[in-house]
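Each chain, written out:
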Amino acid sequence: MNIICQFTLGKKYDHYERSIEQLWALDPFWLEYDLDYIQWLFPIDNPKLEIIRAPIVCQTTRDYFQISDVLRRRQLHSLKVMLNFFGMEMTNNTIKPLASLNINDHLWLQAQGYNHQRIRQIIRSLALLGQVELSSLFQMAMIDTARKHGCVPESILQYWQTASLIEMDYSIALPES
């Protein structure tokens, strides 16, 4: 089992020796200003180059998530942590803003900020790791909420819209003869 799966299951630590449970317990200050925990909670296939130690999703990771309810449930827990940070909540398979949502406290609603990349990362990770419906639900809720309550540029909303597009590699590696 690879590092992403082991980390998600609480059996390994990130590059700062933090467990997934410790990341789940980060307060809003650290969720805002720590720039690389998202790479561990929501790994993707093409992480930002400046985060050298970010885990990378490969086909093996995707296969493990496809067959493991535990991995998917723990990723859902990570999503709920981030939803709360974003001023959102998930109930009965619906994602909606909390009553306390506002542009001053929830910086992702502003025109600029690192949270725009985090949202894209979450959308992509959920889709890559087999939770396509959840990815779409999160994507639609964030775009709708940004339009209604924020001043997020249309280019960012478009960036989120395309985040879940997954290119499939249908090539077959043939042994050399």
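Refer to the structure printed above.
Residues numbered from 1 in each chain as written. Predicted model: local features only at pLDDT ≥ 70, side-chain atom pairs only at ≥ 80, totals over all residues. Heavy atoms only, no water.

Undergrad: How would you summarise the nonpolar core if you had to cite specific residues and measurements?
TA: Grouped together as the largest cluster of nonpolar side chains are 38 residues, with contacts concentrated most on Met82, Phe86, Trp108, Ile122, Phe138 and Trp160. Broken down by secondary-structure element, the contributors of at least two residues to this core are helix 2 (20-24), helix 4 (37-41), helix 6 (69-85), strand 1 (88-91), helix 7 (115-128), helix 8 (132-149) and helix 9 (154-161). The biggest single contributor to this core is helix 8, with six residues. Among residues more than four places away in sequence, those in contact with methionine 82 are Leu31, Tyr37, Ile38, Phe42 and Ile122. Listed in part, the eight residues of the second largest apolar core include Cys5, Val57, Phe65 and Leu128. (Core = buried A, V, L, I, M, F, W, Y, C linked by side-chain atoms within 4.5 Å. Buried < 20%, exposed > 50% of the residue type's maximum accessible area, 1.4 Å probe, protein only. Helix = DSSP H or I, 4+ residues; strand = E, 2+ residues; numbered from the N terminus. Contact = heavy atoms within 4.5 Å.)

Undergrad: If you had to explain the environment of alanine 127 to someone new, which residues and values would you point to?
TA: The topology assignment puts alanine 127 in helix 7. Remark: the alpha-carbon pair of alanine 127 and alanine 163, spanning 36 residues in sequence, is separated by 8.8 Å.

Undergrad: Residue-level account of a nonpolar patch on the surface, with values.
TA: A cluster of nonpolar residues, Phe29, Trp30 and Tyr33, forms a patch on the protein surface that exposes about 380 Å² of accessible area. With respect to the helices, strands and loops of the structure, phenylalanine 29 is situated in helix 3 (residues 28-33). The exposure class assigned to phenylalanine 29 is partly exposed, which follows from its relative accessible area of 48%. (Patch = residues over 30% accessible without salt bridge, like charges linked within 9 Å, V, L, I, M, F, W, Y side chains within 5 Å. Areas by Shrake-Rupley, 256 points an atom, 1.4 Å probe, with all protein chains shown as cover. Salt bridge = Lys/Arg side-chain N within 4 Å of Asp/Glu carboxyl O.)

Undergrad: Give a detailed account of the packing of aromatic side chains, specifying residues and quantitative values.
TA: This structure, assessed with the given rule, holds six aromatic pairs. Centre to centre, the rings of phenylalanine 29 and tyrosine 33 are 5.0 Å apart; their planes meet at 45°, and the pair counts as tilted. Within this pair, phenylalanine 29 and its partner tyrosine 33 are both found in helix 3, separated by four residues, close to a single helical turn. Centre to centre, the rings of phenylalanine 86 and tryptophan 108 are 6.0 Å apart; their planes meet at 70°, and the pair counts as edge-to-face. Taken together, the residues span a long stretch of sequence, with phenylalanine 86 in the loop between helix 6 and strand 1 and tryptophan 108 in the loop between strand 2 (94-97) and helix 7 at a distance of 22 residues. Judged by its relative accessible area of 0%, phenylalanine 86 falls in the buried class. With relative accessibility at 1%, the residue tryptophan 108 sits in the buried group. An aromatic cluster is built from Phe85, Phe86, Trp108 and Trp160, whose rings are joined through pairwise contacts. (Phe/Tyr/Trp six-rings, centres within 6.5 Å; stacked < 30°, edge-to-face > 60°.)

Undergrad: Explain empty space enclosed by the protein to me, using residue names and the numbers behind them.
TA: Throughout the structure, instances matching the rule amount to one cavity of 30 Å³ or more. Estimates place the volume of the largest cavity at around 30 Å³. Here the lining of the largest cavity is built from residues that sort into four nonpolar, two polar and two charged. (1 Å grid on protein atoms, 1.4 Å probe; cavity = no way out; pocket = protein on both sides within 12 Å on 5 of 7 lines; lining within 4 Å. Points joined across faces, edges and corners; volume = space filled by probe spheres on them. Nonpolar A, V, L, I, M, F, W, Y, C, P; charged D, E, K, R; others polar.)

Undergrad: Could you give me a rundown of the pattern of salt bridges, with the residues and numbers involved?
TA: Applying the stated criterion to the full structure yields nine salt bridges. The shortest N-O distance in the salt bridge between arginine 74 and glutamate 21 comes to 2.8 Å. One end of the pair, arginine 74, is in helix 6; the other, glutamate 21, is in helix 2, and 53 residues separate them in sequence. In this structure, glutamate 154 and arginine 147 form a salt bridge, with 2.8 Å as the shortest nitrogen-oxygen distance. By relative accessible area, which is 46% here, glutamate 154 ends up partly exposed.

Undergrad: Give a detailed account of the environment of arginine 62, specifying residues and quantitative values.
TA: The topology assignment puts arginine 62 in helix 5 (residues 59-67). Along the sequence, arginine 62 and leucine 129 sit 67 residues apart, while their C-alpha atoms lie 5.0 Å from each other.

Undergrad: Summarise the packing of helix 6 against helix 7; cite the residues concerned and give the values.
TA: Close contact between helix 6 and helix 7 brings their axes to 12 Å; oriented N to C, the two are set at 155°. Considered as vectors, helix 6 and helix 7 are oriented roughly antiparallel to each other. For the element pair helix 6 and helix 7, the recorded crossing hand is left-handed. Within the contact between the two elements, helix 6 uses Gln75, Leu79, Met82 and Phe85 and helix 7 uses Asn115, Arg118, Ile122, Ser125 and Leu126. Residue composition of the contact of helix 6 with helix 7, by class: five nonpolar, three polar and one charged. (Axes fitted to C-alpha atoms, helices over the stretch in contact; angles between N-to-C directions. Parallel < 35°, antiparallel > 145°, perpendicular 65-115°, else oblique. Left-handed = near helix turned anticlockwise from the far one by under 90°.)

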